[in-house]
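Each chain, letter by letter, is given below.
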Amino acid sequence: MSTDVSIDLEVNIERLESFEEYTGVNLQALFASISSTNCIYISGEVHLVDGMKLKQNIQLIISAIDHLGSILGVNRINIRANSFFGFETFTGSIYECPGQVAKVRVHPKNLA
């Protein structure tokens, strides 16, 4: 019987604050872990910098990156403006990364 052990990667989460500023959001309460089967799990909150309503839909892009800077896996989470009020909690996963994960990058982008 195998046990799925998680290792805390919280210190290895990279935010792109200039992207957050551009989209008008602030990512907070970020937490990431990696399982013994090399699956990445990340959660956090999207807060607005100003106001309570998101002006347009955004997408959070989560990337698993190795020590050479190569991207091992990507996931995207859509946050819809019409249902957003104040802040939104999110969770995402990247399954079966093909290498040793050194960090997890998360950043927002505007959707048209």
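This text goes with the structure placed above it.
Residues numbered from 1 in each chain as written. Predicted model: local features only at pLDDT ≥ 70, side-chain atom pairs only at ≥ 80, totals over all residues. Heavy atoms only, no water.

Attention now goes to unusual backbone geometry. Residues other than glycine seldom take positive phi values, yet Ala 29 does so here, at roughly 55 degrees. We note that Glu 96 has phi near 50 degrees; this positive angle belongs to a residue other than glycine. Among the structural elements, Glu 96 can be located in the loop between strand S7 (87-94) and strand S8 (103-110). The exposure class of Glu 96 is exposed, given its relative accessible area of 65%. (Helix = DSSP H or I, 4+ residues; strand = E, 2+ residues; numbered from the N terminus. Buried < 20%, exposed > 50% of the residue type's maximum accessible area, 1.4 Å probe, protein only.)

So, on to the environment of Asn 26. Structurally, Asn 26 can be placed in strand S3 (residues 25-35). In this structure, the C-alpha to C-alpha distance between Asn 26 and Leu 48, residues 22 residues apart in sequence, is 6.1 Å. Ignoring any residue separated from it by four or fewer positions in sequence, one finds Asn 26 in contact with Arg 15, Glu 20, Glu 45, Val 46, His 47 and Val 49. A distance of 3.2 Å separates the side chain of Asn 26 from the side chain of Arg 15, its partner in a polar contact. (Contact = heavy atoms within 4.5 Å. Polar contact = N/O pair within 3.5 Å; in protein donor to acceptor, adjacent residues only side chain to side chain.)

Before going further, it helps to spend a moment on the sheet that holds strand S2 (residues 13-15). Strand order in this open sheet of four strands is S2-S8-S5-S6, and the pairing throughout is mixed. In the strand order of this sheet, the two ends are held by S2 and strand S6 (71-79), each with one partner. Between one strand axis and the next, the sheet turns by 20 degrees as a mean value, whatever way the strands run. Pairing of strand S5 (residues 58-65) with S8 involves eight bridges; the strand directions are antiparallel. Residue pairing across strands places Leu 60 opposite Pro 108, the latter belonging to S8. (Pairing = 2+ DSSP bridges. Axes fitted to C-alpha atoms, helices over the stretch in contact; angles between N-to-C directions.)

With that settled, the discussion passes to the packing of aromatic side chains. Here the structure, examined in full by the defined rule, presents one aromatic pair. Here Tyr 41 and Tyr 95 contribute two aromatic rings whose centre-to-centre distance is 6.4 Å and whose plane-to-plane angle is 80 degrees, an arrangement assigned as edge-to-face. Of this pair, Tyr 41 sits in strand S4 (residues 40-48) while Tyr 95 sits in the loop between S7 and S8; the two residues are 54 residues apart in sequence, bridging distant segments of the chain. You can call Tyr 95 exposed: its relative accessible area is 56%. (Phe/Tyr/Trp six-rings, centres within 6.5 Å; stacked < 30°, edge-to-face > 60°.)

Along the polypeptide, Thr 23 turns up in helix H1 (residues 17-23). Residue Thr 23 is classed as buried on the basis of its relative accessible area, which comes to 10%. Within the structure, the side chain of Thr 23 is placed 3.2 Å from the backbone oxygen of Glu 20, a separation counted as a polar contact. Once residues within four sequence positions are removed from consideration, Thr 23 is found in contact with Pro 108, Lys 109 and Asn 110.

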